[in-house]
Amino acid sequence: MSTSRLSSLFPVLAVLGSVTSLAVGTSFAKDLFPVIGAQGTSALRVGFSALVLLAVFRPWRWTTTRADAGAIFRYGITLGVMNLLFYMALRTIPFGIAVAIEFCGPLAVAMWSSRRPIDFVWVGCAAAGLLLLLPLGHGEPLDLTGVLYALGAAVCWALYIIFGKRAGHLPAGHTVSLGMCAAALVVVPVGVAHAGMALLDPKILLFGLGVAVVSSAIPMSLEMAALKRLPKETFGILISMEPAVAALLAMGLLAEHLTPLQWAAIGCTVLASVGSTLTANRRAPALPDPAG
């Protein structure tokens, strides 16, 4: 009985572990910003993540057609730009808020083809959350540049889902590992141009490897394991907790304390994501969450 219960709990714990690992890794990544900037930090995260995922999934074991390579390349480029924009946003706005804004991307994709009245409720929740976060003069204002970077990351996350579905017939490890390599082609040159030789400091490299493992390799692996065992609706509900988890961990690890209005905005985003998942029609299988 205990083995059966543990087996049933594993996918749930895997998703929660993924969300927590992603938030912890990204929080630690901010410690590198004063030394190598958001660009250099993103380069280390994406570059090392690509190497780790290549070693784990060994994508050369599968045959890749020209059409599949094109789909993976577009998916990966979008993934790289998304990671870079998200880290740029983290320079000036709190982590939890950046995640909440970025979540508007997958929510938009989920709602795009829907015409049911209930779905407009979730659209309204997401819109309310976003309006509460935008620097429109109410409450403590957020940095506009940071908000725009986060919105750019949201657009990229939406495109990541669209492009990822076109490669959805391939093994997940194949797509993610090669996609991360394509992402590195975008992000690493930007990081090198910004940080230069500072990226070669052994301590920085070791810290960057740790960030890559904790914020990319572990979360993606846990999510792929959970996706095989959980209904996608359950997976979607669990992953919807990410903005709240990110905000809570950032409060403890980064001393980023949010206002009641900002917590309300995050709550609206989580509610929209959970509601969308609960009332969703059957859709294509989810891809591992790349956020953060």
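Each remark here, short or long, concerns the structure printed above.
Note that this is a predicted model, so its numbers are computed, not measured.

1. Regarding the nonpolar core
So, step 1. With 53 residues, the main nonpolar core has Phe86, Tyr87, Ile93, Phe95 and Met180 as its most contacted residues.
So, step 2. It is helix H3 (residues 66-90) that contributes the most residues to this core, ten residues altogether.

2. With respect to the pattern of salt bridges
So, step 1. Overall, the coordinates contain one salt bridge when judged by the stated rule.
So, step 2. Close ionic contact of Lys30 with Glu256 constitutes a salt bridge, the shortest N to O distance being 2.8 Å. Separated by 226 residues along the polypeptide, Lys30 in the loop between helix H1 (2-29) and helix H2 (33-57) and Glu256 in the loop between helix H11 (242-253) and helix H12 (260-278) bring together distant segments of the chain. Residue Lys30 shares its accessibility class with Glu256, and that shared class is buried.

3. Focus: the environment of Ala55
So, step 1. In this fold, Ala55 is placed in helix H2.
So, step 2. With 122 residues separating them in the primary sequence, Ala55 and Ser177 have C-alpha atoms 8.9 Å apart.

4. Overview of the packing of aromatic side chains
So, step 1. This structure, assessed with the given rule, holds four aromatic pairs.
So, step 2. Plain terms: the ring middles of Tyr75 and Tyr160 are 4.9 Å apart, the flat faces sit at 25° to each other, and that makes the pair stacked. Residue Tyr75 is located in helix H3, and its partner Tyr160 is located in helix H7 (residues 144-166); the two are separated by 85 residues in the primary sequence.
So, step 3. When the ring of Phe103 is compared with that of Trp157, the centres are 5.2 Å apart and the planes differ by 85°; the resulting orientation is edge-to-face. One end of the pair, Phe103, is in the loop between helix H4 (95-102) and helix H5 (104-112); the other, Trp157, is in helix H7, with 54 residues separating them in the sequence. Trp157 matches Phe103 in its accessibility class, with the two residues each being buried.

Reading the values: rules and limits
- Residues numbered from 1 in each chain as written.
- Predicted model: local features only at pLDDT ≥ 70, side-chain atom pairs only at ≥ 80, totals over all residues.
- Heavy atoms only, no water.
- Core = buried A, V, L, I, M, F, W, Y, C linked by side-chain atoms within 4.5 Å.
- Buried < 20%, exposed > 50% of the residue type's maximum accessible area, 1.4 Å probe, protein only.
- Helix = DSSP H or I, 4+ residues; strand = E, 2+ residues; numbered from the N terminus.
- Salt bridge = Lys/Arg side-chain N within 4 Å of Asp/Glu carboxyl O.
- Phe/Tyr/Trp six-rings, centres within 6.5 Å; stacked < 30°, edge-to-face > 60°.

Don't take any of this as a statement about function, it's just geometry.
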